[in-house]
Every structure is written in structure tokens, then in C-alpha cells.
Amino acid sequence: MLSQSIEDYLKIIYKLQHGSDAPTQVTTSLLAERMGVTAASATNMIKKLAEMNLLEYAPYKGVALREAGEKIALETIRHHRLIELYLSEALGYSWDAVDAEAERLEHAISEEFEERIDKMLGYPTIGAHGEPIPNKNGQIEEQTYARLSDIERGQRAVVKRVSDRDAAMLRYMNDMGLRLGTVVKVCEKAPFKGPLTLLIEEDQPRTLGLEVAHHIFVDPIR
């Protein structure tokens with residue numbers, strides 16, 4: 001049995017390596033920031049995981065998951081994203097609330113419970129925030145989308161994925177009508193990192209800050 005802390009570290013390392021903002025290397029300081037711990041605490045855990053052959057670690061060069069560590073990370077991510085989708089689809093949770101609940105439950109569910117959720121949801125491949133769900137064999141199909149902040153003036157696009165790191169930002173997106181599958185059109189782009197003016201589902205124009213637009217991923221309509 002692995003501790004919740006070990007699973008959380010492996011999950012975060014995987015997401016840093018493969019996420020939309022993936023750095024060239026996962027450093028101790030970056031990992032400590034994401035885990036909300038001191039650099040010394042993160043270093044101690046990294047050394048422990050290296051001794052367990054779950055990751056490779058070289059001082060001042062960052063960390064990288066080994067195959068065994070990646071397998072555990074993907075299983076934890078699968079639990080998390082299935083639970084998020086279940087909470088959203090079956091229990092009516094808003095997408096800003098599912099992450100915190102899934103964090104509490106992802107380590108506790110059995111494989112049988114995971115399979116029942118999977119079957120009940122129709123074996124989904126996309127999570128509540130548009131992220132891919134690993135299958136039960138630990139395979140995942142990552143998708144690459146453009147950021148809404150990079151879409152050109154006059155271009156239309158479909159919202160495919162949103163960052164789930166900030167619950168307040170998710171609530172704001174939801175209040176704006178920006179949900180998965182929403183069609184938007186960039187009407188104006190203010191210079192010098194100014195806001196965007198959007199048509200959301202052909203409704204009235206709305207103003208959206210560049211920081212929020214940076215965390216919305218879209219598929220341009222050609």
C-alpha cells in the first residue's frame with residue numbers, strides 16, 4: 001500500500017511533465033510550490049521516491065517519473081477524473097467544486113467501485129474539465145489545443161478544456177457561460193495584453209481578461 005502523499009506527489013509530477021504548462025524540467029522548487037510544502041520536505045520525498053525506483057532524480061536537474069511511477073500516477077489520475085465526472089454528471093456538482101471532493105475520494109475507492117463508476121458513465125474518455133481520462137490499462141490520449149488568448153480577431157472556436165487549478169476562476173468562467181462545447185468568437189483583442197471581447201454562443205459581447213483566456217483551451221473552427 002502506498003501512502004496518499006506518495007500518490008499525490010506522483011500525480012503532480014506527471015501533470016507537470018505532461019500538462020498544458022509543462023516545463024522543460026520538474027524542479028524541486030516547482031514541485032514544492034504545487035504541493036504546498038517546503039523545498040526541504042519536497043526534497044526528502046523525492047529522495048524516497050527515487051529509492052523506491054518510482055522516479056529519477058539528479059540534484060539541480062529536476063525529476064522524471066520511471067515507468068512504475070507513471071503507472072501509479074495515471075491510476076490516481078484515472079480515479080480523480082472519473083470521480084470528478086461522476087460528481088458532475090450524477091450528483092450535479094458544479095465544475096469548480098468537483099476537484100476538492102475528488103482529492104478526498106481518489107485514494108479511497110476500490111477497483112470495483114472505479115469500474116462501476118466507469119460503466120455507469122458509459123466508459124468516458126474526457127473528464128469534467130475536458131482533460132483525458134486514462135483507461136484501466138494506464139493508457140492516456142493527450143490532446144493539444146490552442147489557448148483562447150492566442151486566437152486571432154474574427155476567429156471562432158469551441159471550448160474543449162479548462163484549467164482546474166483555480167476554483168474561483170472556474171466559477172467566473174461558468175458565470176460567463178464558458179463551458180465545454182461552447183462556441184466563442186473573438187471580436188476584439190486590446191493591445192498590450194488587454195482583454196478580449198467575445199461573442200459567446202452568438203449572445204451579447206462580453207469582455208474577458210487575458211489571464212482567464214490563457215487558461216481556456218479551444219479548437220478553432222476553420
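Residues numbered from 1 in each chain as written. Predicted model: local features only at pLDDT ≥ 70, side-chain atom pairs only at ≥ 80, totals over all residues. Heavy atoms only, no water.

**Student:** Mind showing me how you'd approach the overall build of the protein here?
**Tutor:** Check the secondary structure of the protein and you find eight helices and eight strands. Taking the principal axes of the C-alpha coordinates as reference, the protein spans close to 55 × 45 × 30 Å. Burial status across the protein gives 41% buried among its 222 residues. Of the contacts made within the protein by residues no fewer than 6 positions apart, 63% connect residues no fewer than 24 positions apart. Summing over all exposed atoms, the protein offers an accessible surface of approximately 12,300 Å²; the carbon and sulfur share of this is 48%. Averaging the locations of the 27 positively and 35 negatively charged side chains of the protein gives two centres separated by 3 Å. (Helix = DSSP H or I, 4+ residues; strand = E, 2+ residues; numbered from the N terminus. Buried < 20%, exposed > 50% of the residue type's maximum accessible area, 1.4 Å probe, protein only. Contact = heavy atoms within 4.5 Å. Areas by Shrake-Rupley, 256 points an atom, 1.4 Å probe, with all protein chains shown as cover. Lys, Arg positive; Asp, Glu negative; His and termini not counted. Charge placed at Lys NZ, Arg CZ, Asp CG, Glu CD.)

**Student:** Would you explain the side chain of Asp96 in this entry?
**Tutor:** Its place among the elements puts Asp96 in the loop between helix H4 (67–89) and helix H5 (98–105). We classify Asp96 as buried; its relative accessible area is 16%. Separated by 2.8 Å, the side chains of Asp96 and Ser94 make a polar contact. Of the polar contacts made by the side chain of Asp96, one reaches the side chain of Arg171; its length is 3.3 Å. With near-sequence residues (within four places) excluded, Asp96 lies in contact with Ala167, Leu170 and Arg171. (Polar contact = N/O pair within 3.5 Å; in protein donor to acceptor, adjacent residues only side chain to side chain.)

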